[in-house]
Amino acid sequence: MQQRLQKCISEAGVASRRAAETMISAGRVTVNGQTAQLGAQADPETDIICIDGRPLPSRAPKRYIMLNKPRGYVTTMKDEHGRKTVADLVRGCGARVVPVGRLDYNSEGLLLLTNDGDLMNNLLHPSREVSKEYLVKVSNRVTDEEIRRLRAGVRLDDDRMTSPADVHLVRYETFASVLLVTIHEGRNRQVRRMFSAIGHEVVALKRVGFATIKLHDLPRGQWRRLTDVEVRKLKEL
């Protein structure tokens, strides 16, 4: 069946769709010996698709993985600065998978990885408003008024307002507050910037939920495959 070339590449587990588009634009992809253009279509069952002269591998079986990412790892499959990546933690999963969204270097917790490009794009599309749940420790005591501001939406450093967030105080600690925060947006370092906007520094940030998936007791640095039920619920979104 004919489909966009970047989808063929993504479903083969070679690269994300965005990375595949870059490859096509750079002239690295051919279809039946002809250099492909962005927007081209192909049938992976009948056409010969090559990247840098090497045939595209047969479609890899779909893999759906959750990882408890530790701090000190970057959410990429390769890092030009030689830092540790999440790819180092999931090498034994049996397929090339890519992260669904990001967790920054100093954050930890639930990260989904997959080679299912359609599911990944659906989960990341802003119109889906997929929920992300974080356990956040911030400096000093957060007041009830500040929590109300976060719930209503705050203006970030780019002068854009955030959408309303679900924010609950978990406990006060010495010179700190711990809160459970759920957002439905995916802006860069959004939770850290939200608290900065109300005068608090994030000391520790851990994602504990993504869409219908919860981290629960998965050990730090470990991964597991999602169950069939978990995958079905994600696709139902």
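Our structure is the block above this text.
Attention here is on the structure that accompanies the text.

Cut-offs and rules
Residues numbered from 1 in each chain as written. Predicted model: local features only at pLDDT ≥ 70, side-chain atom pairs only at ≥ 80, totals over all residues. Heavy atoms only, no water. Helix = DSSP H or I, 4+ residues; strand = E, 2+ residues; numbered from the N terminus. Buried < 20%, exposed > 50% of the residue type's maximum accessible area, 1.4 Å probe, protein only. Contact = heavy atoms within 4.5 Å. Areas by Shrake-Rupley, 256 points an atom, 1.4 Å probe, with all protein chains shown as cover. Lys, Arg positive; Asp, Glu negative; His and termini not counted. Charge placed at Lys NZ, Arg CZ, Asp CG, Glu CD. Pairing = 2+ DSSP bridges. Disulfide = S-S within 2.5 Å.

## Quick look at the overall build of the chain
Okay, step 1: Check the secondary structure of the chain and you find six helices and 15 strands.
Okay, step 2: By principal-axis analysis of the C-alpha atoms, the chain measures approximately 65 × 40 × 40 Å.
Okay, step 3: Out of the 237 residues in the chain, the part that is buried amounts to 48%.
Okay, step 4: Long-range pairs, those at least 24 residues apart, make up 64% of the contacts in the chain between residues at least 6 apart in sequence.
Okay, step 5: Accessible surface computed for the chain: about 12700 Å², of which carbon and sulfur atoms make up 47%.
Okay, step 6: Counting 40 positive and 29 negative side-chain charges, the chain places the averaged centre of each group 2 Å from the other.

## Section: the pairing of strand E7 (residues 64-69)
Okay, step 1: Within E7, six of the six residues are buried, which leaves it mostly tucked inside the rest of the structure.
Okay, step 2: Covered by surrounding structure in E7 are Tyr-64, Met-66 and Asn-68 together with Ile-65, Leu-67 and Lys-69, the residues of both alternating faces.
Okay, step 3: As defined by bridge partners, E7 adjoins strand E9 (residues 108-114) across six bridges and the pair is classed as antiparallel. Residue pairing across strands places Asn-68 opposite Leu-110, the latter belonging to E9.
Okay, step 4: Summarising the sheet, E7 and strand E15 (residues 223-225) pair through three bridges and their orientation is antiparallel. Pairing of Met-66 across the sheet is with Arg-224, part of E15.

## What to know about the environment of Pro-164
Okay, step 1: Looking at where Pro-164 falls in the secondary structure, it is placed in the loop between helix H4 (144-152) and strand E11 (166-173).
Okay, step 2: Residues Pro-164 and Val-154 lie 10 residues apart in sequence; the distance between their C-alpha atoms is 8.3 Å.
Okay, step 3: Among residues more than four places away in sequence, those in contact with Pro-164 are Leu-150, Arg-151, Ala-152 and Gly-153.

## With respect to helix H5 (residues 190-197)
Okay, step 1: Burial within H5 is extensive, with six of its eight residues counted as buried.
Okay, step 2: Here H5 has its buried residues at Gln-190, Val-191, Arg-192, Arg-193, Met-194 and Phe-195.
Okay, step 3: In this structure, the buried side of H5 is in contact with strand E10 (132-139), H4, strand E12 (176-183) and strand E13 (202-210).

## A few points about unusual backbone geometry
Okay, step 1: Even without being a glycine, Phe-175 presents a positive backbone phi close to 60°.
Okay, step 2: Looking at the element boundaries, Phe-175 is found in the loop between E11 and E12.
Okay, step 3: Accessibility expressed as a relative area gives 70% for Phe-175, which makes it exposed.

## Let's talk about the environment of Thr-85
Okay, step 1: Looking at the secondary structure, you find Thr-85 in the loop between E7 and strand E8 (98-99).
Okay, step 2: In this structure the C-alpha to C-alpha distance between Thr-85 and Gly-72, which are 13 residues apart in sequence, comes to 8.5 Å.
Okay, step 3: Beyond its immediate sequence surroundings of up to four residues, Thr-85 is in contact with Tyr-73, Val-74, Thr-76, Met-77, Lys-78 and Asp-79.

## Points about the state of the cysteines
Working definition of a disulfide: a covalent bond connecting the sulfur atoms of two cysteines.
Okay, step 1: Within the structure shown, the criterion is met by zero disulfides.
Okay, step 2: Considering cysteine sulfurs only, Cys-8 is the nearest to Cys-50, which forms no disulfide, with 13 Å between them.
Okay, step 3: You can call Cys-50 buried: its relative accessible area is 11%.

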